[in-house]
Amino acid sequence: MSTLEVIQQEIAPELKRLNQLISDQLSSSNELMNQVIANYLQSKGKLIRPIIVMLSAKLFGPVSDTVLSAAAAVELLHNASLIHDDVVDEAKTRRNRPTINSVWDNHIAVLVGDFFVSSAMQQAIATKDIRIIDSLCHLGKLLSLGEIDQIFNARYHTLTEEAYFQIINYKTASLFVACARMGCYASGVDGERLERLSRFTELLGLCFQMRDDIFDYYDSALVGKPTGNDLREGKITLPLLSVLLRPDAPDHDAMVALSRKEQLDEHEIETLMRYARDNGGIDYCYEQMHRLRDEAMILLDTFADCRARQLLGDLFDFIITRKY
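On a predicted model such as this, the values are computed, not experimentally measured, just so you know.

The subject of this paragraph is the overall build of the protein chain. Tallying secondary structure elements over the protein chain gives 17 helices and two strands in all. A compact globule built from 324 residues should have a C-alpha radius of gyration of about 20 Å, and the protein chain, at 20 Å, falls within 12% of that. Seen through its C-alpha atoms, the protein chain measures out along the principal axes to roughly 55 × 50 × 35 Å. Among the 324 residues that make up the protein chain, the fraction classed as buried is 52%.

As structure tokens, then:
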């Protein structure tokens, strides 16, 4: 049993209530909408984001109905962003299943994504906490800005670590931070404790995206999903970026020039993937993740010792070492 499965098992009753809440929220009078959503929900993700909401709340108290509504809101908004991303990326599969846009069409997928957004807002409103509603709205803006920043940097070949970390902060870490803040608000916690936990989850989110970016530089058969997609879209992530920023790296100028091509063929994509692997790009990412983990554990240790604190630490280690 994986670390994540252990965590899921420990909060199984809460996750069962969450799934029922989401299912009820997404029910509609439209047969087509219900059909599309039922098919989509057959393949659930890891539920890491709502788990963070629950564990954040459990640091200070029980998982109340308010906590569950906050967790449902963030999971619904996350899924809305995935559905819309699949349209933008023209993706055919997600979680080893056909995407909504590939089974139906972009029109249906956008509308279903919008339905998820509205459902997320309804769950946030159900908490009756304006801070939770504000957190969700702010999150939606940051997710959009992160994607736009990434498109801009790919188009204009912006190659800096600062730009990379800003993108992944917006597009990924912001979601984890929102989870912590919403979990705290739902438990009546704010102030300095909230800020410490927010920073912990920001570091967790940064590591989550770096680990995802590492996956993209290996053979798809090893990872279990298509790889090299970022390079196909002109996106340079940390495994390659860290090598391109080293003037002493072999064939540096040629590889930088290759990375700036408007369109890469499959051989060129494999060349850049191998270049990142062979010249320490993956190792550099792991060094950065372990550095961030050390900072995160110091923050986590400031909270009272309890099972939720232990599970948050375990979750961080799972994020760094996961194989999928």
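Glancing now at the nonpolar core. Counting 106 residues, the largest nonpolar core has Ile48, Val112, Phe116, Met210, Leu231, Leu240 and Phe316 as the members making the most contacts within it. Setting aside residues up to four positions removed in sequence, Met210 forms contacts with Tyr164, Phe165, Ile168, Leu238, Cys285, Gln288, Met289 and Leu292.

Below, the discussion takes up helix 2 (residues 12–26). Over its 15 residues, helix 2 extends 21 Å from the first C-alpha to the last, a length consistent with the 21 Å expected when each residue adds 1.5 Å. Summarising the contacts, the buried residues of helix 2 are in contact with helix 1 (3–10), helix 3 (31–41), helix 4 (48–58), helix 5 (65–89) and helix 7 (106–126).

In this section: the pattern of salt bridges. Counted under the stated rule, the structure contains 21 salt bridges. Measuring nitrogen to oxygen at the nearest pair gives 3.9 Å for the salt bridge that ties Glu147 to Lys171. A residue pair is termed long-range when its members are at least 10 positions apart, and Glu147 in helix 8 (residues 130–156) and Lys171 in helix 9 (residues 161–186) qualify at 24 residues. Each of the salt bridges in this network shares a partner with another, and the network as a whole consists of Asp129, Arg131 and Asp190.

Analysis parameters
Residues numbered from 1 in each chain as written. Predicted model: local features only at pLDDT ≥ 70, side-chain atom pairs only at ≥ 80, totals over all residues. Heavy atoms only, no water. Helix = DSSP H or I, 4+ residues; strand = E, 2+ residues; numbered from the N terminus. Rg over C-alpha atoms; globule rule 2.2 N^0.38 Å. Buried < 20%, exposed > 50% of the residue type's maximum accessible area, 1.4 Å probe, protein only. Core = buried A, V, L, I, M, F, W, Y, C linked by side-chain atoms within 4.5 Å. Contact = heavy atoms within 4.5 Å. Expected span 1.5 Å × (residues − 1). Salt bridge = Lys/Arg side-chain N within 4 Å of Asp/Glu carboxyl O.

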